[in-house]
Amino acid sequence: VSPAEFIPLAEQTGLILPLGQWVLEAACAQLVAWSRSSLTRQFFLSVNVSVRQFRQPDFVEQVLGVLDATGANPERLKLELTESLLMADVEDVIARMEHLRRHGVGFSLDDFGTGYSSLSYLQDLDVDILKIDKSFVDALEYNNVTPHIIEIAKALKLEMVAEGIETENQETWLRKHGVQYGQGWLYSKALPKTEFILWAEKRL
């Protein structure tokens, strides 16, 4: 079942909260498992955080509690936030991010340019990674938005991840314009953990 189908339903019913907690716990446990191998110990793991989850009063304590309980290295964990978080109480968002940053947790901004955008807030948020939405990657040949997004990321000294890369032409264009990382079916579809390790071994 596509996340595009079950995530909105989970948001509506409130199940996104226990689901988000489970994903965070599973991610941190995986980081610990990866830390035991020279092949995988340098891997990062990103976790999407819903607005509803992030707005929970004890969200920071939940994240730190999971890191403490699992023993995962917080510097290997990235929390992916969306622009919709900026719709209200930006100061609270920044304060929570700064608290977690002091413990080593990193952040990326997902779906940049598809929702509520403010360059002043982007500077204040102090994210590590800006993710270029698949809709912009799909339209590389006939839109002029993506180059501007890339220039913004460069100006703010952010790393970039392009989502939804499906063709070599897209990859070539993005590399030429300075995008460091990409994800998409050009490289692989989603894989179970064991198959992912076999995939990674062939490429490292």
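Above this text is the structure in question.
Every chain is numbered independently, its residues counted from 1 as its sequence is written. Note on the predicted model: pLDDT of at least 70 is required for a residue's local features to be given, and 80 or more for side-chain atom pairs to be given and counted; whole-chain, interface and lining totals, by contrast, use all residues. Excluding hydrogens and water, the side-chain figures rest on all heavy atoms present in the structure.

(A) Layout of the pairing of strand S3 (residues 106–112). Counting buried residues along S3, 6 of its 7 residues qualify, which places the element largely inside the surrounding structure. Strands are labelled as partners when DSSP assigns at least two bridges between them. In DSSP terms, a helix is any run of H or I states spanning at least four residues, a strand is any run of E spanning at least two, and both are numbered starting from the N terminus. Note: strand S2 (residues 77–82) against S3, 5 bridges, orientation parallel. Residue pairing for S3: Leu79 is matched across the bridge by Phe107. Seen with its strands pointing away from the viewer, a crossover is right-handed when the path leading from the first strand over the helix to the second is clockwise. Read as a crossover between parallel neighbours, the route from S2 over helix H5 (residues 90–101) to S3 is right-handed. Where S3 meets strand S4 (residues 129–132), 3 bridges bridge the pair, whose relative direction is parallel. Each bridged residue has a counterpart across the sheet, and for Leu109 the counterpart in S4 is Leu130. Burial here depends on accessible area, computed with a 1.4 Å probe over protein chains only, as a share of the maximum for the residue type. Under 20% is buried, over 50% is exposed, and the range in between is partly exposed.

(B) Structural detail: the sheet that holds S2. Strand order in this open sheet of 6 strands is S1-S2-S3-S4-S5-S6, and the pairing throughout is parallel. For this open sheet the edge positions go to strand S1 (45–48) and strand S6 (181–182), each flanked by a neighbour on one side alone. Direction of pairing for strand S5 (residues 159–162) relative to S6: parallel, over a ladder of 2 bridges. Note that in S6 the partner of Ala162 across the bridge is Gly182. By definition, residues are in contact when any of their heavy atoms lie within 4.5 Å. Every axis corresponds to a line fitted to the C-alpha atoms, with the helix fit spanning only the stretch in contact, and the corresponding angles, defined between N-to-C directions, vary from 0 to 180 degrees. With respect to the sheet, helix H2 (residues 16–34) is in contact with S1 and S2, its orientation differing from that of S1 by roughly 180°.

Spatial relationships are all this shows, so hold off on functional conclusions.
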